[in-house]
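# Results of the structural survey
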Amino acid sequence: MPRSRSILTRAGSCAGSWTARALVALLLIAPLPGCDHGLPDDGVIRVGLSGPARNLDPRFATDATSERINRLLYRRLVEFDEQRLPVPGLATWQRLSPSYYRFRLGAEGRDFTDGSRLTADDVVATYASVLDAANASPHRAQLATIASVEALDPDTIDFRLSLPDPLFPAYLAEGILPAAVVRSGRKLTDAPIGSGPFRVLDWPEPGRLVLERRTDGQVMELLAVKDPSVRVMKLLRGEIQMLQNDLSPELIDYLAGRPGVDVEVRPGRNFSYLGFNLEDPLTGDPRVRLALAHALDREALIHYLFRDRAESAEAIFPPDHWAGNSRLAPYAFDPERARALLAEIGHGPERPLELTMKTSSDPFRIRLATAIQAQLVPVGIALTIRSYDWGTFFGDVKAGRFQLYGLTWVGINTPDIFRYAFHSASIPPAGANRGRYRSPRADALIEAASAAQDLGEQARLYRELQGLLHEQLPYLPLWYESQVLARRTELRGYRLAPDGNYDGLEFVRLAPASALERR
Amino acid sequence: MLERLLARLGASLMVVWGVCTLVFLLIHLVPGDPVAVMLGEGARPADQLALRAALGLDRPLAVQYLDYLARLAHLDFGTSLHAQRPVAAVLAERVGPTLQLAIAALTLGIMVAVPMGVLAAQHRGGLIDRGAMGFSMLGAAIPNFWLGPILILVFSLWLGWTPVSGREGAASLILPAVTLGTGLAAILARMVRSSVLEVLGEDYMRTARAKGLSPAAVLWRHALRNAWLPVLTLIGIQFGALLGGAVVTETVFAWPGLGSLLIEAIQTRDYPVVQAAVLLISLSYLAVNTATDLLYVAVDPRVRLGQ
């Protein structure tokens, strides 16, 4: 026994000595920020995100997280109301002629975080920068109708268009940057200067962004935690006070029953659909698409997979959108009709029609595809599911290498989506008509709606277009997923947005302990 | 010695060149277009052409390749297509966390594996041996995507000892290091055990015992030192792999390392980041392998470079 102890002791001194020294050195040489592993009690509000911000320059950001955070850092000329109509943001506007708009900056939100005042010159510089081809801004195409932008005085900006557009203000949602920074050629990718309600205090590492609310100095940390289970555990332990979306229904149910956590749900606008390749001999046949529409029991999918946290959709725009169509009748779940349609092309349960659906490798999307696959079996469709990493999946979809795919349009406000996604001139790489849908009637409606100088007329034409799309089914509309917030009970005042933005952080606060006790 | 070292470095440079060439060619063969990534769907053809020209992508592949090598020689890795920041800066902020996690996991793995392997060898067939090898089998079999969340559940949520995830405070390093280090310790312990067992059967060990050396001296001074060579090789390989990033562990613990950056860059087709990250990982492997070779000489004077 003493011998064993001696060996162990020596083992510790021999094998362990340099490793122990290395460990100490590691902690000394590369100190981690802070040393306290208890729960922080510093009044900072911590928010769990599913991914990090990548680019905090609104001219170049394209990912949803960056765009949502940029809304907190920069202000825009226009905002949107509940019907998604443009309303004044930084500025009000007048339409002086069909292709001539004058914008007047208001008094609110005009202080940049560097202390300078936001003027018309900053607006001009921002838009000129986006429109400069040399800057390769991904937002340039959307502003293609701008012929010139000019500052009349510190508060007034004139936009002249190459084509008349009554909806033009809706496209001016670009965050405004200081002219001096823009003209210096600097990109604000990691050191933003905006006039939004928040400013960046620190960005110590890619997944950790520290913001300060400018009205009251409230500090917030946005923490990227990709794994949803880990995000939930952080919320339960109190390491974060809230998280929003990107949770499986099981995790939402689990959270809903936990003490100290509240779950809020509100209808969303992000539109999920099945896309068809119309150049494929099978999915190009309208009977196949119609059979699929009748074979899918969307209500069951919403009930069992989403636990009723989604609303069935008939078009890209929900009915309460100013150009939404509330008269579209849902395709009834009618397996008999689906079987009859498939029988017309010689298929049925005995001789199933073989189709392939591509989806991303997200586990929930795969589960969804599997449920769809199961629903199609009884009518005689054998669906093969192929899941790929996002880059490969999206690359295949853009290249038209698919029969069916599932995707979601996020943050769609303006009807230019119809030209972008359904016009025959928008087949990739010229646009997002990924299914290669070619309809002279749809093209004519899109052209007529774009040319209409009255919003009421535009709305009428877009409703007619949505009726046509509903009938011809280049997309099979599925649902609008609800927005979900899970928060610690001490966090108050957050308002969920229908498109999942983080604007509610402007109003959120930590309740004092006494308020919690009364609760 | 110096001559051999220089030869080794020359060979390493050839490997680096090979990796650069391979990555360049593969990136250009994989479907996807950086211009489409930057401008998005629906950009005007004229803008696409202009950007393609501005990025030099309209030039012949050979010209692009030579330009790529020239920029590499000046340590110019280009700009990230998504972050719009220099790739060097994007990579730099990931190197520290990657090194930290790799060194911590390796240290932990060695601290557990060496005593465990030696004791298992010393008590071959006994309870300690069976226990150690049971741990080893389990440790190698448990996937990190399971072990990580379980450790979080127990040590963060139930016991409240460590943060759930993130890189805040020294305590936040513990769980990711244990998650990564467990598998490493399991593999290393087996190697240490078999290596020590092999050495214990050598004639010179019998001589050492016959000289009257204590069992501890025989084991730790003679057996372990001679058993180090294969273990060092394995440590080198494992360390190289850790420097390449531990994607699963980084994802579970929201650790901002190289692995998750590389996966993200591949998924979003951020080609300059992919190219530079692969190059950096290859260089790490080469550096670790060269360091391992040099360590051989330090551990065993009979070994000379190139022999």
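- The name an unreviewed UniProt entry gives chain B is ABC transporter permease, with Thiorhodococcus mannitoliphagus as the organism.
- Recorded under Sequence similarities (unreviewed entry), the UniProt text for chain B is reproduced unchanged: "Belongs to the binding-protein-dependent transport system permease family. OppBC subfamily."
- Its UniProt record, at the heading Subcellular location (unreviewed entry), says of chain B: "Cell membrane".

- Looking at an unreviewed UniProt entry, one finds chain A named ABC transporter substrate-binding protein, with Thiorhodococcus mannitoliphagus as its source organism.
- Checking UniProt for chain A, the heading Sequence similarities (unreviewed entry) contains the comment "Belongs to the bacterial solute-binding protein 5 family."

### Quick word on the interface of chain A and chain B
- With 63 residues of chain A at the contact, the number on the chain B side is 55 residues.
- Approximately 5,200 Å² of surface area, both sides summed, lies buried where chain A meets chain B, with 60% of it carried by carbon and sulfur atoms.
- Inspection of the region where chain A meets chain B yields three salt bridges.
- Ionic pairing is found between E168 of chain B and R208 of chain A, a salt bridge with its closest N-O pair at 3.8 Å.
- Between chain A and chain B we count eight residue pairs in polar contact (both at pLDDT 80 or more) in total.
- When contributions to the side of chain A that touches chain B are tallied by element, the ones reaching two or more residues are α1 (2-29), β10 (219-224), α5 (228-237) and α11 (390-399) of chain A.
- Considering each element in turn, the side of chain A that touches chain B owes the most residues, 12 residues, to α1 of chain A.

### Let's talk about the nonpolar core
- Of all hydrophobic cores here, the largest spans 129 residues; its most connected members are L77, F159 and L505 of chain A.
- At seven residues, helix α3 (residues 120-131) of chain A tops the list of elements feeding residues into this core.
- Residues in contact with L505 of chain A, not counting those within four places in the same chain, are V47, L72, F198, R213, M220, L222, M242 and Y494 of chain A.
- In this structure, I110, M133, L184 and A246 of chain B belong to the second largest nonpolar core, which totals 47 residues.

### Points about helix α13 (residues 440-451) of chain A
All names here are of chain A.
- Counted at 1.5 Å a residue, the expected span for α13 with its 12 residues is 16 Å, and the 16 Å between its end C-alpha atoms agrees.
- Along α13, the residues that are buried comprise A442, D443, L445, I446 and A449. Seen along its axis, α13 keeps its buried residues to an arc of 165°; they face one direction.
- Where α13 is buried, its residues touch α12 (416-422) and α14 (455-472).

### Here we look at the packing of helix α7 (residues 286-295) of chain A against helix α9 (residues 335-344) of chain A
All names here are of chain A.
- Axis separation between α7 and α9 bottoms out at 8 Å; the angle between their running directions is 160°. The orientation of α7 relative to α9 falls into the category roughly antiparallel. Where α7 crosses over α9, the handedness of that crossing is left-handed. Contact residues: R287, L290, A291, H294 and A295 in α7; P335, R337, A338, L341, L342 and E344 in α9.

### Concerning the UniProt feature "domain: ABC transmembrane type-1" (unreviewed entry) in chain B
- Taking the UniProt record as the reference, the feature "domain: ABC transmembrane type-1" (unreviewed entry) is found at residues 95-292 of chain B.
- Within the segment residues 95-292 of chain B, helix and strand shares are 81% and 0% respectively, and the terminal C-alpha atoms sit 21 Å apart.

### Concerning the domain arrangement of chain B
Residues and elements named next belong to chain B.
- Each domain of chain B was delimited in the assignment, giving domain 1 (1-88) and domain 2 (98-299).
- Between the C-alpha centres of domain 1 and domain 2 the distance comes to 34 Å.
- Across the boundary between the two partners, domain 1 contributes 24 residues, which contact 18 residues of domain 2.
- Taken together, the two surfaces of domain 1 and domain 2 that pack against each other cover about 1,800 Å², and 73% of this comes from carbon and sulfur.
- Connecting domain 1 to domain 2 are zero salt bridges.
- Connecting domain 1 to domain 2 are three residue pairs in polar contact (both at pLDDT 80 or more).

### A look at the domain arrangement of chain A
Residues and elements named next belong to chain A.
- What the domain assignment reports for chain A is domain 1 (32-53 + 199-266 + 484-518), domain 2 (75-184) and domain 3 (269-481).
- Measuring from the centre of the C-alpha atoms in domain 2 to the corresponding centre in domain 3 gives 34 Å.
- With 14 residues of domain 2 in contact, the opposing surface of domain 3 contributes 14 residues.
- Counting each side, the surface lost to burial between domain 2 and domain 3 is near 1,200 Å², with a carbon and sulfur contribution of 54%.

Conventions adopted
Residues numbered from 1 in each chain as written. Chains lettered and ligands numbered in written order. Predicted model: local features only at pLDDT ≥ 70, side-chain atom pairs only at ≥ 80, totals over all residues. Heavy atoms only, no water. UniProt positions renumbered as here; feature names shortened; annotations may be inferred. Contact = heavy atoms within 4.5 Å. Buried area = accessible area lost by both parts, 1.4 Å probe. Salt bridge = Lys/Arg side-chain N within 4 Å of Asp/Glu carboxyl O. Polar contact = N/O pair within 3.5 Å; in protein donor to acceptor, adjacent residues only side chain to side chain. Helix = DSSP H or I, 4+ residues; strand = E, 2+ residues; numbered from the N terminus. Core = buried A, V, L, I, M, F, W, Y, C linked by side-chain atoms within 4.5 Å. Buried < 20%, exposed > 50% of the residue type's maximum accessible area, 1.4 Å probe, protein only. Expected span 1.5 Å × (residues − 1). Arc of directions from axis to C-beta. Axes fitted to C-alpha atoms, helices over the stretch in contact; angles between N-to-C directions. Parallel < 35°, antiparallel > 145°, perpendicular 65-115°, else oblique. Left-handed = near helix turned anticlockwise from the far one by under 90°. Domains from an automatic or database assignment.

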